[in-house]
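Residues per chain, in single letters:
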Amino acid sequence: MEFSVQTANPAKAETACLVLPVFKGSDLLPAVAKLDDASERLIGQLLDRGDFDATLGNVQLVPFAPGLGAERLLLVGLGERNKCQEAAFIKALDAAMVALTKLTVDEASVAFTDVPLENRDTAWKARKTLEAAERAIYRFDQFKSSPAKAPSLTKLNLIVSDADEAPMAKQGAALGLAIGQGINLTRTLGNLPGNVCTPRYLAEQAEKLGRDSQGALEVDVLDEEALETLGAGSLLSVGRGSQEPTRLIVMKYQGAENPEEAPHVLVGKGITFDTGGISLKPGEGMDEMKFDMGGAASVFGTVKAVLAIKPKLNVVFIVAAAENMPDGAATKPGDIIKTLKGLTVEVLNTDAEGRLVLCDALTYAERFTPASVVDIATLTGAVIIGLGHHATGLLSNDDDLALDLLDAGEAAWDRAWHLPLWDEYQEQLDSNFADLANIGGKPAGTITAACFLSRFADHFPWAHLDIAGTAWHSGKQKGATGRPVGLLTQYLLDREADAQVENNDG
């Protein structure tokens, strides 16, 4: 998607389609009011007669726009002005972009930066506009024999009323474009079937990102032999029942001015298909277990965004990739495995495999002496019971890190919720036969899963994002969401800003 920023009178903007956000009532935004005056109150008359209902998310195409430079108008309802907050803004944007992709236009202009939002500037609104556009043009139909016609929309013009705001709009739009493309990569990887997106396929995608980065991304892939030599017995145990070999994928981005600056590390769970292993899942809905690599997919999407944005920051991206299958070599309930850290684990349930691959990846991350480590995983169904499908679960051994992630989620409108990680929960992981068990029973399942991971993150600030409720949609809308690429990218940009402040103070 290309974009431009325009500060001309919107009434004179020559465009195939002009998208206008409209509140209920006669309270028109400044840009919309100018258009209304130039078109003999076309918009006002539609509202007065009730021909357009400006309820939030409603859209209406006006195929002719006399007196205007635009060939057609697309009106988008914002609902009541006093109720217009971030969620309403995003809903209206999404509705507008979906409607645009159904038109036979290759370019359009949008006037959403005028929408008043408390504590949200022009850059934020421009960023969300481009993110919404990228999400709307996304299609995943590569396995259909007769794919639907791709959207013709290729360019978006952002109309900004105040010329002084134009640079901010350009900056925000560029960021939104990068994040939107990262989100779409995450969606594609998540949507791919398990017979295509295997651990080896993920490794190949990492190597491709490295080749395409012109030296900005160093990629190292550890195969099963290397993992055996390393002692990553926990990661390897998950893939024992599969013919698909396990991989640990490491991608290093060196953007800081000081190459020795401690990196921030993102670790993704990459279970490319999860049958549950010997602790076999029910058949209903098992097809959705191709999404169990959503954490890994979000890491890849963040890599793509970072390569486009080029922050002055060092980042290490780690993906622990395996397939969890139930053949004769598979790990069994009651087996005891040895982790890379040296701790032994009694496997009480082979369907709690995500923590078994992540624990070795967290131990591997320690070698980078990280400034912070964040793991991302579709880890527990319990988080869906607790938080539904709106918020990502967040747990951390460092309150400052947790607050940084919460702030990043609010800024990106990709929100998380902080859950406790108290010592009292740790005893649920006690084992009679090993250092710890891999499950802690039904109570507080999301928390005890994080407690397990915390045993392998005791040498650095660490946080865990449980995205089981936010990484994909089920039902008729089945598909990966691309979350939490926005949160993760914002988190890294915030760390870049912090580092610049520290360097200036120093």
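Located above this text is the structure these notes cover.
Before going into details, it helps to say that this report is about the structure given with it.

Conventions and cut-offs
- Residues numbered from 1 in each chain as written.
- Predicted model: local features only at pLDDT ≥ 70, side-chain atom pairs only at ≥ 80, totals over all residues.
- Heavy atoms only, no water.
- Patch = residues over 30% accessible without salt bridge, like charges linked within 9 Å, V, L, I, M, F, W, Y side chains within 5 Å.
- Areas by Shrake-Rupley, 256 points an atom, 1.4 Å probe, with all protein chains shown as cover.
- Salt bridge = Lys/Arg side-chain N within 4 Å of Asp/Glu carboxyl O.
- Lys, Arg positive; Asp, Glu negative; His and termini not counted.
- Charge placed at Lys NZ, Arg CZ, Asp CG, Glu CD.
- Helix = DSSP H or I, 4+ residues; strand = E, 2+ residues; numbered from the N terminus.
- Buried < 20%, exposed > 50% of the residue type's maximum accessible area, 1.4 Å probe, protein only.
- 1 Å grid on protein atoms, 1.4 Å probe; cavity = no way out; pocket = protein on both sides within 12 Å on 5 of 7 lines; lining within 4 Å.
- Points joined across faces, edges and corners; volume = space filled by probe spheres on them.
- Nonpolar A, V, L, I, M, F, W, Y, C, P; charged D, E, K, R; others polar.
- Axes fitted to C-alpha atoms, helices over the stretch in contact; angles between N-to-C directions.
- Parallel < 35°, antiparallel > 145°, perpendicular 65-115°, else oblique.
- Left-handed = near helix turned anticlockwise from the far one by under 90°.
- Contact = heavy atoms within 4.5 Å.
- Phe/Tyr/Trp six-rings, centres within 6.5 Å; stacked < 30°, edge-to-face > 60°.

1. A closer look at a negative patch on the surface
Then, in step 1: A surface patch of like charges, here negative, comprises Asp-423, Glu-424, Glu-427 and Asp-430.
Then, in step 2: Here Asp-423 is to be found in the loop between strand 15 (416–418) and strand 16 (436–437).
Then, in step 3: Under the relative-accessibility criterion, Asp-423 is labelled exposed at 65%.

2. Digging into the layout of surface pockets
Then, in step 1: When its volume is computed, the largest pocket comes out at roughly 1400 Å³.
Then, in step 2: Looking at the largest pocket, it is lined by 43 residues, and the ones nearest its centre are Asp-94, Arg-135, Arg-187, His-473 and Thr-481.
Then, in step 3: Contributing elements (two or more residues each) for the lining of the largest pocket: helix 3 (86–101), helix 4 (122–137), helix 5 (166–191), strand 18 (472–473), strand 19 (479–480) and helix 14 (485–505).
Then, in step 4: The element that contributes the greatest number of residues to the lining of the largest pocket is helix 3, accounting for six residues.
Then, in step 5: Its residues assigned to classes, the lining of the largest pocket comprises 17 nonpolar, twelve polar and 14 charged.
Then, in step 6: Looking at the second largest pocket, its volume works out to about 790 Å³.
Then, in step 7: Lining the second largest pocket are 33 residues; nearest its centre among them are Lys-281, Asp-351, Leu-379, Thr-380 and Gly-381.
Then, in step 8: Only strand 9 (264–274), helix 10 (354–365), helix 11 (382–387) and helix 13 (445–454) provide two or more residues apiece to the lining of the second largest pocket.
Then, in step 9: Sorting elements by how many residues they give to the lining of the second largest pocket places helix 13 first, with three residues.

3. A closer look at the packing of helix 5 against helix 9 (residues 294–309)
The description of two packed helices rests on the angle between their axes and on the distance between the axes.
Then, in step 1: Their axes nearest at 8 Å, the elements helix 5 and helix 9 cross at an angle of 150°. On the basis of the axis angle, helix 5 is roughly antiparallel to helix 9. Relative to helix 9, helix 5 is oriented so that their crossing is right-handed. Residues Leu-175, Ala-178, Ile-179, Gln-181, Gly-182, Leu-185, Thr-186, Leu-189 and Gly-190 of helix 5 touch helix 9, and the partners they reach there are Ala-297, Ser-298, Phe-300, Gly-301, Lys-304, Ala-305, Ala-308 and Ile-309.
Then, in step 2: Of the residues contributing to the contact of helix 5 with helix 9, the split by class is ten nonpolar, six polar and one charged.

4. Observations concerning the packing of helix 5 against helix 14
Then, in step 1: At a minimum axis separation of 9 Å, helix 5 and helix 14 run at an interaxial angle of 135°. Considering the angle they form, helix 5 stands oblique to helix 14. Considering how the two elements wind past one another, helix 5 and helix 14 form a crossing that is right-handed. Here Leu-175, Ile-179, Gly-182, Ile-183 and Thr-186 of helix 5 come into contact with helix 14, specifically with Val-485, Gly-486, Thr-489 and Leu-493.
Then, in step 2: Of the residues in the contact of helix 5 with helix 14, the class split is five nonpolar, four polar and no charged.

5. What about the packing of aromatic side chains?
Then, in step 1: One pass over the full model with this rule turns up seven aromatic pairs.
Then, in step 2: Geometrically, the ring pair formed by Phe-291 and Trp-472 is stacked, given 5.3 Å between the ring centres and 20° between the ring planes. Residue Phe-291 is found in the loop between strand 9 and helix 9, and its partner Trp-472 is found in strand 18; the two are separated by 181 residues along the sequence. Exposure class is identical for Phe-291 and Trp-472. Each is buried.

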